[in-house]
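Listed here are the chains, written in short residue letters.
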Amino acid sequence: VQLQAFGGGLVQAGGSLRLSCAASGRTFSNYVMAWFRQAPGKERDFVAAIDRSGGSTLYADSVKGRFTISRDNAKSTVYLQINSLKPEDTAVYYCAADWQGWGRALYRVTNTYDYWGQGTLVTVSS
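These numbers come from a predicted model, not from an experiment. (Residues numbered from 1 in each chain as written. Predicted model: local features only at pLDDT ≥ 70, side-chain atom pairs only at ≥ 80, totals over all residues. Heavy atoms only, no water.)

A look at the nonpolar core
Then, in step 1: Among the nonpolar cores identified, the biggest contains 40 residues, and Met-33, Trp-35, Leu-80 and Tyr-93 are the most heavily contacted of them.
Then, in step 2: Apart from residues no more than four positions distant in its own chain, Met-33 is found in contact with Leu-3, Cys-21, Phe-28, Ala-48, Ala-49, Ile-50, Ile-69, Arg-71, Val-78, Ala-96 and Ala-97. (Core = buried A, V, L, I, M, F, W, Y, C linked by side-chain atoms within 4.5 Å. Buried < 20%, exposed > 50% of the residue type's maximum accessible area, 1.4 Å probe, protein only. Contact = heavy atoms within 4.5 Å.)

Structure (structure tokens):
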């Protein structure tokens, strides 16, 4: 599957963005989807994940209550709604797809995911 993320940009602290990740090539509903982010000079960190049906989600503690992951299987797209942005949210955001379905316990692990998008940059100014 090919993944293309978009929707990033420059936004002031307190603002909102909606990131999108469009998938093509295989049946989208067969994949667990996730968002990760990587700030300059730091490792890639888990942000959120959503199961195949969209009925179950998982969030990093740092974004819980501010970020919402969702998916539209008919459009082969996963979304990340980001509210109340903070300067520390500045990062490249990557979407990822898990074909094998390792389970919720491994949602936070980068090696769980088989496919990655190219990333979209979110910059939050203070």
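So, unusual backbone geometry
Then, in step 1: Positive phi values are uncommon outside glycine, yet Ser-76 reaches one of about 55°.
Then, in step 2: Secondary-structure assignment places Ser-76 in the loop between strand E7 (67-72) and strand E8 (77-82).
Then, in step 3: Backbone geometry places Ser-84, a non-glycine residue, at a positive phi of 50°.
Then, in step 4: Summarising the element assignment, Ser-84 is placed in the loop between E8 and strand E9 (91-98). (Helix = DSSP H or I, 4+ residues; strand = E, 2+ residues; numbered from the N terminus.)

With respect to the state of the cysteines
Then, in step 1: Within the structure shown, the criterion is met by one disulfide.
Then, in step 2: In this model Cys-21 forms its disulfide with Cys-95; the gap between the sulfur atoms is 2.1 Å. Here Cys-21 and Cys-95 share a disulfide; its torsion about the S-S bond, 60°, makes the bridge right-handed. Placement of Cys-21 in strand E3 (residues 17-24) and of Cys-95 in strand E9 is noted, with a sequence separation of 74 residues between them.
Then, in step 3: Since its relative accessible area comes to 0%, Cys-21 is described here as buried.
Then, in step 4: Accessibility expressed as a relative area gives 0% for Cys-95, which makes it buried. (Disulfide = S-S within 2.5 Å.)

With respect to the pattern of salt bridges
Then, in step 1: Summed over the entire model, instances satisfying the criterion amount to three salt bridges.
Then, in step 2: Among the salt bridges present, the one from Asp-89 reaches Arg-37, with a minimum N-O distance of 2.9 Å. Here Asp-89, found in the loop between E8 and E9, pairs with Arg-37, found in strand E4 (residues 32-38); they are 52 residues apart in sequence, far enough to count as distant.
Then, in step 3: You can call Asp-89 buried: its relative accessible area is 0%.
Then, in step 4: What makes Arg-37 buried here is its relative accessible area of 13%.
Then, in step 5: Between Arg-66 and Asp-89 there is a salt bridge, with its nearest N and O atoms 2.7 Å apart. Taken together, the residues span a long stretch of sequence, with Arg-66 in the loop between strand E6 (57-59) and E7 and Asp-89 in the loop between E8 and E9 at a distance of 23 residues. A single burial state applies to Arg-66 and to Asp-89, both of which are buried. (Salt bridge = Lys/Arg side-chain N within 4 Å of Asp/Glu carboxyl O.)

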